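Each chain, letter by letter, is given below.
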Amino acid sequence: MLSHPTMNGICCPPNILGQEAIGIVEEVGPKVRTLKAGDRVIILPVIACGSCDYCQREEYSLCGNTNPSKEMKAEYCRVPNADLTCIRAPRGVDARKLLGLSNVITTAWHALELAEVQEGDVVGVWGCGPIGLAVQQLAMLRGAKKVYAMDRDSQRLRSAEDFGMTPVDVSLHQEVGEYLLSIQEEGLDRAIEASGFRSVQKPPHAAMRAIGLERDSGDTLEDIIKATRKGGNVALVGDFFFTTHDFPIGPMMQKALRVRGGQVCPQKYYPFLLDLVVQGKLDPSSMFTYEDVFENIAEEYHKFTRHEVPGRLKVCLVTSFGRREQNQESGDMNAAQES
Ligand SMILES: [Zn+2]
């Protein structure tokens, strides 16, 4: 699984990357109660202690006692506090569906919870990457009446349209917020930011980033605050780490917007999300538009950074162990079909 290698300067060597994976339990420590060797598991992206005040409130990503890095770009990894970090998964479900449940689907659901998306809502989602597309599909699943999908990548916009969203190419509109109000007069009921610091495009922010006056960008937030109706909800799940200039604090306050953000608290949404996949109501595998062997990880990172991944979404990297499992499964399936 690939994520952006630089993260706006937050993740640097010698950090080992990797926060989404599935696998088979090889060995368990003495305090593990719910897992045993041989179990198939989804490894969640947030390690939490389970006992501090934050964890007691199910705010697992805010846990003060744990290390967020699991170093999972590897054949083997150590998973601390495994009872709370691993979700046992059935053997019969496609590996890519389970992998999508680790970080992407959980983050998307978290965004919808933060934004309180309800039946009949008009929703705007900034970003049509894997998480943005997942937010859009899950918004529909929650009964949204209409979902606007913002991006500048034509292929990603086509994917959003294929899933039934109304695509908006932000590169065609100088003021995206104004444009949305021109076609959706009442404004958005809920708006979700799923693109983060990478979306800088307006000249003032691009200039301030270039000379180091700001390290994050409020481009999308300006549009979101403009396009959301009075009393509406805004949720931020895209990557932001620093500060930005020209933040529209007045409109945000005067419109009485409810703005929330934060890293996903994945443990909170299980078994509900896994059940959706097992019941066939949700298929996260479509986010993986390319698959490669784990040994090509460096090359795939370069392609991902340059937006050259076929299908423009996620790459599924399969270890040699994973490949043996896949072969075993397809062998079993052929045998079942032949019998
Ligand atoms: Zn905790």
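Counting starts from 1 at the beginning of each chain's written sequence and moves along it residue by residue. pLDDT decides what is reported in this predicted model: residues at 70 or higher carry local features, side-chain atom pairs at 80 or more are listed and counted, and totals for whole chains, interfaces and linings draw on all residues regardless.

UniProt positions are given in the numbering used here, feature names are shortened, and annotations may be inferred rather than shown by experiment. Reading the Cofactor (unreviewed entry) entry of the UniProt record for the protein gives the comment "Zn(2+)".

Draft legend 1. Local environment of the overall build of the protein. Here a helix means four or more residues in a row that DSSP labels H or I, a strand means two or more in a row labelled E, and each is numbered from the N terminus. When helices and strands are counted, the protein shows 13 helices and 11 strands. The size measure is the radius of gyration over C-alpha atoms, and the globule rule it meets is 2.2 Å times the number of residues to the 0.38 power. Taking 339 residues into account, the globule formula puts the C-alpha radius of gyration at 20 Å, and the protein, at 20 Å, falls close to it. The principal-axis extents of the C-alpha atoms in the protein amount to approximately 60 × 45 × 40 Å. Exposure in this text rests on C-beta crowding, where 20 or more other C-beta atoms within 10 Å of a residue's own make it buried, 12 or fewer make it exposed, and counts in between make it partly exposed. The C-beta atoms are placed from the backbone. Per-residue burial for the protein yields a buried fraction of 40% across its 339 residues. The long-range share in the protein, meaning contacts at least 24 apart out of those at least 6 apart in sequence, stands at 70%. A pair of residues counts as a contact when their C-beta atoms, built from backbone coordinates, are separated by no more than 7 Å.

Draft legend 2. Main features of the domain arrangement of the protein. Annotation comment: domain bounds sourced from an automatic or database domain assignment. Taken domain by domain, the protein holds domain 1 (7–103 + 266–338) and domain 2 (116–261). A separation of 28 Å is found between the C-alpha centroids of domain 1 and domain 2. Facing the eight residues of domain 1 at the interface are 11 residues of domain 2. Under the scheme applied here, ten amino acids are nonpolar (Ala, Val, Leu, Ile, Met, Phe, Trp, Tyr, Cys and Pro), four are charged (Asp, Glu, Lys and Arg), and all others, including Gly, are polar. Of the residues contributing to the side of domain 1 that touches domain 2, the split by class is five nonpolar, one polar and two charged.

Draft legend 3. Geometry of helix α4 (residues 104–114). Most of α4 sits inside the fold, with 10 of its 11 residues counted as buried. When α4 is considered as a whole, its buried residues turn out to be Val104, Ile105, Thr106, Thr107, Ala108, Trp109, His110, Ala111, Leu112 and Leu114. Each element contacted by the buried residues of α4 is listed here: α3 (95–102), α5 (130–141), β7 (188–193), β8 (228–236), β9 (258–261) and α11 (272–278). Glu116 sits one or two positions beyond α4 and adopts a positive phi of about 55°.

Draft legend 4. Region of interest: the nonpolar core. A set of buried residues drawn from Ala, Val, Leu, Ile, Met, Phe, Trp, Tyr and Cys, joined through C-beta atoms within 7 Å, is what defines a nonpolar core. With 78 residues, the main nonpolar core has Ile42, Ala108, Ala111, Val135 and Ile192 as its most contacted residues. Each of domain 1 (7–103 + 266–338) and domain 2 (116–261) accounts for three or more of the residues forming this core. Beyond its immediate sequence surroundings of up to four residues, Ala108 is in contact with Ile131, Ala134, Val135 and Leu138.

Draft legend 5. Quick peek at the environment of Gln137. Looking at the secondary structure, you find Gln137 in helix α5. For Gln137, a count of 23 C-beta atoms within 10 Å gives the class buried. Sequence separation between Gln137 and Phe163 is 26 residues; the distance between their C-alpha atoms is 7.1 Å.

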